[in-house]
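An overview of the molecular structure
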Number of protein chains: 6
Amino acid sequence: MTEVKNMKFETLTVELSSTGVLLVKFNRPDRLNAVNPQMWEDLKSCFTAIRTDGNVRSVVLAANGKVFCSGLDLKETKIISPGAYGDVARKGYYQRLAIIDLQDSISAIENCDKPVICAVQNACIGAGIDIITASDVRYCSEDAFFMVKEVDIGMAADVGTLQRLPKVVSNDSWVREICYTTRRIDSKEASEQGLISKVFPNSDTVLAEAIKTANIIASKSPVAIVSTKHLLNFSRDHTVEEGLKYTALWNALAHNTGDMKTAISSFFQKTQPKFSKL
Amino acid sequence: MTEVKNMKFETLTVELSSTGVLLVKFNRPDRLNAVNPQMWEDLKSCFTAIRTDGNVRSVVLAANGKVFCSGLDLKETKIISPGAYGDVARKGYYQRLAIIDLQDSISAIENCDKPVICAVQNACIGAGIDIITASDVRYCSEDAFFMVKEVDIGMAADVGTLQRLPKVVSNDSWVREICYTTRRIDSKEASEQGLISKVFPNSDTVLAEAIKTANIIASKSPVAIVSTKHLLNFSRDHTVEEGLKYTALWNALAHNTGDMKTAISSFFQKTQPKFSKL
Amino acid sequence: MTEVKNMKFETLTVELSSTGVLLVKFNRPDRLNAVNPQMWEDLKSCFTAIRTDGNVRSVVLAANGKVFCSGLDLKETKIISPGAYGDVARKGYYQRLAIIDLQDSISAIENCDKPVICAVQNACIGAGIDIITASDVRYCSEDAFFMVKEVDIGMAADVGTLQRLPKVVSNDSWVREICYTTRRIDSKEASEQGLISKVFPNSDTVLAEAIKTANIIASKSPVAIVSTKHLLNFSRDHTVEEGLKYTALWNALAHNTGDMKTAISSFFQKTQPKFSKL
Amino acid sequence: MTEVKNMKFETLTVELSSTGVLLVKFNRPDRLNAVNPQMWEDLKSCFTAIRTDGNVRSVVLAANGKVFCSGLDLKETKIISPGAYGDVARKGYYQRLAIIDLQDSISAIENCDKPVICAVQNACIGAGIDIITASDVRYCSEDAFFMVKEVDIGMAADVGTLQRLPKVVSNDSWVREICYTTRRIDSKEASEQGLISKVFPNSDTVLAEAIKTANIIASKSPVAIVSTKHLLNFSRDHTVEEGLKYTALWNALAHNTGDMKTAISSFFQKTQPKFSKL
Amino acid sequence: MTEVKNMKFETLTVELSSTGVLLVKFNRPDRLNAVNPQMWEDLKSCFTAIRTDGNVRSVVLAANGKVFCSGLDLKETKIISPGAYGDVARKGYYQRLAIIDLQDSISAIENCDKPVICAVQNACIGAGIDIITASDVRYCSEDAFFMVKEVDIGMAADVGTLQRLPKVVSNDSWVREICYTTRRIDSKEASEQGLISKVFPNSDTVLAEAIKTANIIASKSPVAIVSTKHLLNFSRDHTVEEGLKYTALWNALAHNTGDMKTAISSFFQKTQPKFSKL
Amino acid sequence: MTEVKNMKFETLTVELSSTGVLLVKFNRPDRLNAVNPQMWEDLKSCFTAIRTDGNVRSVVLAANGKVFCSGLDLKETKIISPGAYGDVARKGYYQRLAIIDLQDSISAIENCDKPVICAVQNACIGAGIDIITASDVRYCSEDAFFMVKEVDIGMAADVGTLQRLPKVVSNDSWVREICYTTRRIDSKEASEQGLISKVFPNSDTVLAEAIKTANIIASKSPVAIVSTKHLLNFSRDHTVEEGLKYTALWNALAHNTGDMKTAISSFFQKTQPKFSKL
């Protein structure tokens, strides 16, 4: 099992705090953190490794440079002609798999089981929306703005926005309007509509607060935390009854953790509990 | 394939702009746009035709007269006695099919694949709620008010409100309260709760703004727009993973549109792209 | 069929108004209404009986004492060692069933088919959240506060919060933050996020208003009311299309009620209809 | 409501017995009952009308001429070039709807709620397999043979075979082999594998026996029969638990039939009950 | 936790062997083991208790007297008139719950987690089919015969047959034919169609062989056995992928059993392993 | 994209015919082709590569040595103690992921989209059953025998057998009996029950016939073949209606293949069509 803190990524920086908070930052500032083929790969490797790295207890996802994420890097995204595959059906067969591959990069964030807090600053466009809606908690700075931009390049968003955005915010009329019109949403509107749960004055404060929340989470029982994230995700996609039954099975296993005893005795002794890594 | 602009409806008026925006208006002003048997039929014919009419790129749904929709026309709705069918079970067999038939009229709005913007003024009651929650975007005038009124005629809403209302707004406690109590909701409360995404001073301004939004949508790639609506609807009813897989297949087909090249080259050339009809 | 008003519970008080509103109150004030094994049993018996007691038309759920519910009673909750069962797998087999048993107590609230209005005052913690999110309408007093507290005892919430909380409020980022951090939410924040639909000055006023809403509901057709609750619950867990089809079948039966005629003729005669019990 | 016996179809003959058995026969014997565009339409109209025609209690589906059904009529099936639609994505948008339209013709057989007995003779190929697997009971003559032929025209079967064939027979290895290889299955193998439940010497005897079974069904309570078909179909597509819950609701309505009293008193009096039409 | 061997039932006899095989026998021989209201209750109590009685490792379900089960006891089944409930909708509300109650009696067999082997002799009719299809393994004597008889009392089977029969046998055409026609199936046909997996000469031999199979099962690891039954049931009602994921979680818990070490070391030492009760 | 024919596996041999049939053989004959950790890896790599290798049109899965597959290699499978992970909950967290990893190896066979024909000889035990039930077509030699063996090592099968076996054969009573008792099934019984679709005299003939079938499949349109496999798998796990809708979308893309024109013109010209690789 690879430790994430020792991994090197071309398009991401990673840094693990002593408390178990992993700070992941997009690192293509000169390209406004546009997502190129390498970044899709890096996101997948990084978050897949997070899942099984017990040293990581929570994650902050932020960006180097001014901009959070300017969307797909159109310059580096190659469009393949059907000719290369014989006919449109053959090309389509492979294209479907290629899209699933990109989707897996985004879903790796959701599936990593450790809570991910986004600290968004300035632009968050296209693929940026896919990324933040696959995360757990979304904070931003006042200068942040958001655009579901895919329609403007002649396509429907296909790596997560249309699936997750309506499930993380409240107002379906608003969701559809911004998806169809691609209009720019400022931080205030994003906050009012629940896309963002807290707005901070600038990029420094949003990052600091994201790390603060991440540290609180990292101080909790890792068994309780990964269970909570995993069960929230499972339950979103199942009926209440199925969610409950799966949870009962999950906890029949998870209740064998020593963390419960640690936590309860700390509670009665009013001390701060310490939990070993997952 | 019928062109909608040439269709005549007893209870609706239709008008297609040169930009591809279809304005559909309820046209029973003297009956406060109550939904009678003919209007159920007309809604189904109209929105079914919209689906396959490439000239229509987006739809505005509004009303002639003062009121948007006062609900079911109780005077024209006939209640059939079991005697006519031999016994309650036989009557029930046909009644189930009759309800499904009405539901199909409402669902036609959802299934037409072109975004539908509602411009609500004054009363929106009962069947009116079924209609606007099956639409994409909801705007209203300040004088608008809303009532989930079915309980007051001794029945549960059965053509869409109980399915869609909780999925288009945020606050389940509020949804249930208004469904059980049938109380009147004014435009301010409707907006705060997300049933309505924008409120405008009066019926003229709400219609003008709905048309404005519809025109923006009509200027986009029709392939991108119908794909986005279709995938939002599909994804609402499936797990994130199933939504993603279906989307990958859909776009493996949709990416064969010329609109992507048109859009991307316009983007780099900073021109306004023109897209042919669907 | 037992009449609920004649049942005695160790941990609950029940009182039926002449209008058919059942007031259920937690009754362990000295233990801050912590949920002990007896209370799990009592909740299940009480709400299961409500389902088939036609005299009950709506329910208000409140608390004796200062506090609404302080969560699981850790002192009375026994943790069983694997040794008692031979091994961890055997223990786990029975533990899964034990958790399902507790879940059934909470789900009984949802399944009782009569609307349940919560009147929350002061603390609503842990199991308290499970209870109010399984209810229909949530009101609270200004001094109310809320904590999803399970992570602090080393476990994921497992009797309903993780399934229902994200479905009753809007903002997924907020839901996840409060589940991971266990932080205290005051009545204002709870209201802004839609966990609570109305806040009242104090415990007296919140109870009075909950009873008022319950009385409005109790005055409606009981067939319409239980149908509406049942269909809202069914539809939450199914696709729109499946919800519609089930509703069509349900109403093909429910439309045989005399309440519709009563309601419609009252409507035309502008009188107040009276409906017999379910 | 149209009575089916009075409807005229270009490609089908229909004949209603005094006992309520409708005999539907393919009627393009000179084209070996190949399915042309008109036949898709006729199947849909015919079986949609059967659903609401209380005079029809059961259906026999057979063929005029030597052959049951030779599959899609390739001569009359037009293939549209993408050019007609602007691009492949646009064409695909309409083609998806066109396929769904054909699927609806086949599904009308399943959805008609009256049991359909097929009497297959000689060739049953391609679309013929779609048709018989959407029916309830399959009989054939000794000279019958079966081919899942679509792969041989370069496509996957898309109007029902791949969905229903694996659910009506037992042996998945056999199903896949015949779908991939398109090999010819004779009546003996079809019977051994359960595609056919009874084989008769020739086309006369298979038709006679199909009518005999249909007459037995027509003599039963129509409420019980349509309920049984409807619930078998619903349950095939749902979990056991969901199937049970839907059935409980269905029968809470259907038990209001007088047929139960008629049937039970006939049972005790050992007489032959008579049931009125649905 | 009640031990089943100490429970007394009016309509069932129970007997626990030293090996952990529970023999449950219908005990209304003078009424041909027709299912009366008491037997529904007894079946539910008995099989619910089996679930949590670690002494029971497998179950044989058989009958005292000549007949296995002659179906619903029509003499003791009361039909309630709508009048008693005010109207058909009110009656239907309670009737739905009453049917679900009966369904739960049958489903208790499926949910008891210990394998149930049926030893069928002579008649197995109506409710008898519901019972055996909710069991795991079906053996019968040569004189056994089977009838899905509900249609003959004017109703669709509603406590399990229509859900489970098509999932336990292969030939859908045959299933539908016997459900619609209610015709009598002898043991040979039942065996050929897979409703029965083995036929024995008479009632003594079928019981002896059922007990033999039950003893083999009782000698295996109880953790492995209940896991296998539970996972087969779960997987029947879910996609392959969902079944796999649930299984992974289940076994992450179940692998903590000592039975695996016991079994593997017995395997290498070629001894007969002994497993403690669940 | 790697070409499978150039890949080297420690535990498998692969060989591609000029016709596009890939022969994959288990290659641990001295260990009776028991599945060790390396073989799980190799299966995953091999079948994942098959999915995107257009040169492979169909697959035969067979074995070097006498035995097809003797199940899990118990000697090389390490059991990890909870100690290594801190506690049972932590160990369980990782064990669940480890089981999913093994499941993915088996599911790779199902997901490779090219039909897989198994040629089974002699023993097919435990993991061998998981493998063949994830394949498409199952042939065996007369000396073949089958055992669902997991219960005998104290566990429920967890990498596919309990999910897929009941869906590929017919007789649920038989499935459960063999899963609970672990008894040995010979080729005759396996064939009668539909686990195997054809039995051949010996290992040479079964391999020859498997290759023959694979060659027939390889001669068909690859678009039609992968579509058929993909849609059969999708449809198994969805309702008929969802299967149909997905199929309509799939074919709206796949119908753009040139193979249809090639196939149809060959049909009319009675020539043998040639299709280019996928």
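Residues numbered from 1 in each chain as written. Chains lettered and ligands numbered in written order. Predicted model: local features only at pLDDT ≥ 70, side-chain atom pairs only at ≥ 80, totals over all residues.

As a further point, take the overall build of chain A. Each helix and strand counted, chain A has 10 helices and 9 strands in total. Relative to its length of 278 residues, chain A is compact, with a C-alpha radius of gyration of 20 Å against a globular reference of 19 Å. In terms of its C-alpha atoms, chain A occupies a principal-axis envelope of roughly 70 × 45 × 40 Å. Counting the 278 residues in chain A, one finds 62% classified as buried. Of all intrachain contacts in chain A linking residues separated by at least 6 positions in sequence, the fraction that spans at least 24 positions is 73%. (Helix = DSSP H or I, 4+ residues; strand = E, 2+ residues; numbered from the N terminus. Rg over C-alpha atoms; globule rule 2.2 N^0.38 Å. Buried ≥ 20, exposed ≤ 12 C-beta atoms within 10 Å, placed from the backbone. Contact = placed C-beta atoms within 7 Å.)

All names here are of chain C. Contact pair helix H8 (residues 222–236) / helix H9 (residues 240–254): the axes reach a minimum separation of 10 Å and the direction vectors enclose 160°. Accordingly, the angle class assigned to the pair H8 and H9 is roughly antiparallel. The hand of the H8/H9 crossing is right-handed. Judged by residue contacts, Val-223, Ser-227, Leu-231, Phe-234 and Ser-235 of H8 engage Gly-243, Tyr-246, Thr-247, Trp-250 and Ala-254 from H9. Split into classes, the residues belonging to the contact of H8 with H9 amount to 6 nonpolar, 4 polar and no charged. (Axes fitted to C-alpha atoms, helices over the stretch in contact; angles between N-to-C directions. Parallel < 35°, antiparallel > 145°, perpendicular 65-115°, else oblique. Left-handed = near helix turned anticlockwise from the far one by under 90°. Nonpolar A, V, L, I, M, F, W, Y, C, P; charged D, E, K, R; others polar.)

Next up on the list: the relation of the copies chain D and chain E. Taken as rigid bodies, chain D and chain E are interconverted by a rotation of 120° and an axial shift of 0.0 Å, the fit giving an RMSD of 0.0 Å. The transformation just described matches what one would write down for a three-fold rotation axis. Closest to the rotation axis within chain D is the C-alpha of D:Ser170, separated from it by 2.6 Å. Little of the interface of chain D is mirrored in chain E: 2% of its interface residues are interface residues there too. (Least-squares fit on C-alpha atoms with pLDDT ≥ 70 in both.)

What follows concerns the pairing of strand E1 (residues 12–16) of chain A. All names here are of chain A. Relative to strand E2 (residues 21–26), E1 runs antiparallel, the two sharing 5 bridges. Directly across from Thr-13, in E2, lies its bridge partner Lys-25. Linking E1 to E2, which pair antiparallel, is a turn of 4 residues; within it Gly-20 sits at a positive phi near 95°. (Pairing = 2+ DSSP bridges.)

Attention now moves to the domain arrangement of chain A. All names here are of chain A. Here chain A is described as being made up of domain 1 (4–218) and domain 2 (222–269). Centre-to-centre separation of domain 1 and domain 2, based on C-alpha positions: 27 Å. Here the side of domain 1 that touches domain 2 is composed, by residue class, of 2 nonpolar, no polar and 6 charged. (Domains from an automatic or database assignment.)

In this complex, chain D contributes 46 residues to the contact, which on the side of chain E involves 32 residues. Among the secondary structure elements, those contributing two or more residues to the side of chain D that touches chain E are strand E6 (137–141), helix H4 (161–168), helix H7 (203–218), helix H8 (222–236), helix H9 (240–254) and helix H10 (259–269) of chain D. The biggest single contributor to the side of chain D that touches chain E is H9(D), with 11 residues. Looking at the side of chain D that touches chain E residue by residue, the classes come out as 23 nonpolar, 16 polar and 7 charged.

This next bit is on the sheet that holds strand E8 (residues 185–186) of chain E. Residue and element names in this part refer to chain E. Spatial ordering of the open sheet is given by E5-E7-E8, a layout of 3 strands whose pairing is mixed. Looking along the sheet, the strands with just one partner apiece sit at the ends: strand E5 (123–125) and E8. In the sheet, E5 pairs with strand E7 (residues 145–147) via 3 bridges, with the strands oriented parallel. Of the residues in E7, the one forming a bridge with Cys-124 is Phe-146.

With that settled, consider the packing of helix H1 (residues 37–51) of chain C against helix H2 (residues 88–111) of chain C. Residues and elements named next belong to chain C. Axis separation between H1 and H2 bottoms out at 8 Å; the angle between their running directions is 30°. The pairing of H1 with H2 is recorded here as roughly parallel in orientation. Pair H1 / H2 crosses with left-handed handedness. For the pair formed by H1 and H2, the contact residues are Trp-40, Leu-43, Lys-44, Phe-47, Thr-48 and Arg-51 on the first element and Leu-102, Asp-104, Ser-105, Ala-108, Ile-109 and Asn-111 on the second.

A word on the interface of chain E and chain F. Contacts between the two partners involve 46 residues from chain E, matched on the other side by 31 residues from chain F. Contributions of two or more residues to the side of chain E that touches chain F are made by strand E6 (137–141), helix H4 (161–168), helix H7 (203–218), helix H8 (222–236), helix H9 (240–254) and helix H10 (259–269) of chain E. A total of 11 residues in the side of chain E that touches chain F trace back to one element, the largest contributor, which is H9(E). When its residues are assigned to classes, the side of chain E that touches chain F shows 23 nonpolar, 16 polar and 7 charged.

This part is about the nonpolar core. In terms of nonpolar packing, the biggest core is built from 600 residues, with A:Tyr139, B:Tyr139, C:Tyr139, D:Tyr139, E:Tyr139 and F:Tyr139 touching the most fellow members. If we skip the residues at most four places from it in the chain, D:Tyr139 touches D:Ile117, D:Cys118, D:Ala119, D:Val120, D:Ile196, D:Ser197, D:Lys198, D:Phe200, D:Val206, D:Glu209 and D:Ala210. (Core = buried A, V, L, I, M, F, W, Y, C linked by C-beta atoms within 7 Å.)

What follows is about the pairing of strand E4 (residues 116–120) of chain E. Residue and element names in this part refer to chain E. Here E4 lies mainly inside the structure; 5 of its 5 residues are buried. Side chains of E4 alternate between two faces, with Val-116, Cys-118 and Val-120 and Ile-117 and Ala-119 buried alike. Bridge count between strand E3 (residues 58–63) and E4: 3 bridges; the pairing is parallel. Across the sheet, Val-59 pairs through a bridge with Val-116, a residue of E4. Note: E4 against E6, 4 bridges, orientation parallel. Within E6, the position partnered with Ile-117 by the bridge is Val-137.

What follows covers the sheet that holds strand E6 (residues 137–141) of chain C. Residues and elements named next belong to chain C. What the 6 strands build is an open sheet, ordered E1-E2-E3-E4-E6-E9; its pairing is mixed. The sheet is open, and its two borders are formed by strand E1 (12–16) and strand E9 (198–200), each paired with just one other strand. Pairs of neighbouring strands in the sheet enclose a mean axial angle of 20°, with direction left out of account. In the packing of H1 onto the sheet, the strands contacted are E1, strand E2 (21–26) and strand E3 (58–63), and the crossing angle to E1 comes to about 20°.

Turning our attention to H10(E). All names here are of chain E. Turning to H10, its buried residues are Asp-259, Met-260 and Ala-263. Each buried residue of H10 lies within a common arc of 100° when the element is viewed along its axis, so the set occupies one face. When the buried face of H10 is taken as reference, the exposed residues oriented beyond 90 degrees from it are Ser-265, Phe-268 and Gln-269. Tucked into the core, H10 has its buried residues touching H8. Where H10 terminates, the next one or two residues include Lys-270, which has phi positive at roughly 50°. (Arc of directions from axis to C-beta.)

Once that is clear, we can look at unusual backbone geometry. For E:Lys270, which is not a glycine, the phi torsion comes out positive at approximately 50°. Within the secondary structure, E:Lys270 sits in the segment after H10. Positive phi outside glycine occurs at F:Leu32, with the angle close to 55°. Relative to the helices and strands, F:Leu32 is located in the loop between strand E2 (21–26) and helix H1 (37–51). Classification of F:Leu32 as partly exposed rests on a count of 19 C-beta atoms within 10 Å.

Time to look at the environment of F:Val35. All names here are of chain F. Considering the arrangement of structural elements, one finds Val-35 in the loop between E2 and H1. Taking the C-beta count within 10 Å as the criterion, Val-35 has 29 such neighbours and is therefore assigned buried. A C-alpha to C-alpha distance of 24 Å links Val-35 and Val-21, two positions 14 residues apart in sequence. The contacts of Val-35, once residues within four sequence positions are left out, are Trp-40, Cys-69, Gly-71, Leu-72, Asp-73 and Ala-127.

A word on helix H2 (residues 88–111) of chain D. With 24 residues, H2(D) extends 33 Å between its outermost C-alpha atoms, agreeing within 8% with the 34 Å of an ideal straight helix rising 1.5 Å per residue. A positive phi of about 70° marks D:Asp113, the residue just after H2(D). (Expected span 1.5 Å × (residues − 1).)

On to the confidence of the model for chain A. Per-residue confidence for chain A gives a mean pLDDT of 96; residues scoring 70 or more make up 99%. Confidence estimates for the predicted assembly give a pTM of 0.97 and an ipTM of 0.96. (pLDDT = per-residue confidence, 0-100.)

The residue A:Pro37 is located in helix H1 (residues 37–51) in this model. Put simply, A:Pro37 and A:Thr11 are 26 residues apart on the chain and 9.9 Å apart in space, counted from C-alpha to C-alpha.

Moving on to the environment of E:Gln163. Within the element layout of this structure, E:Gln163 appears in helix H4. In the structure, E:Gln163 is positioned 30 residues away from E:Thr133 in sequence and 9.2 Å away in space, judged by C-alpha atoms. The contacts of E:Gln163, once residues within four sequence positions are left out, are D:Ser235, D:Val240, D:Gly243 and D:Leu244.

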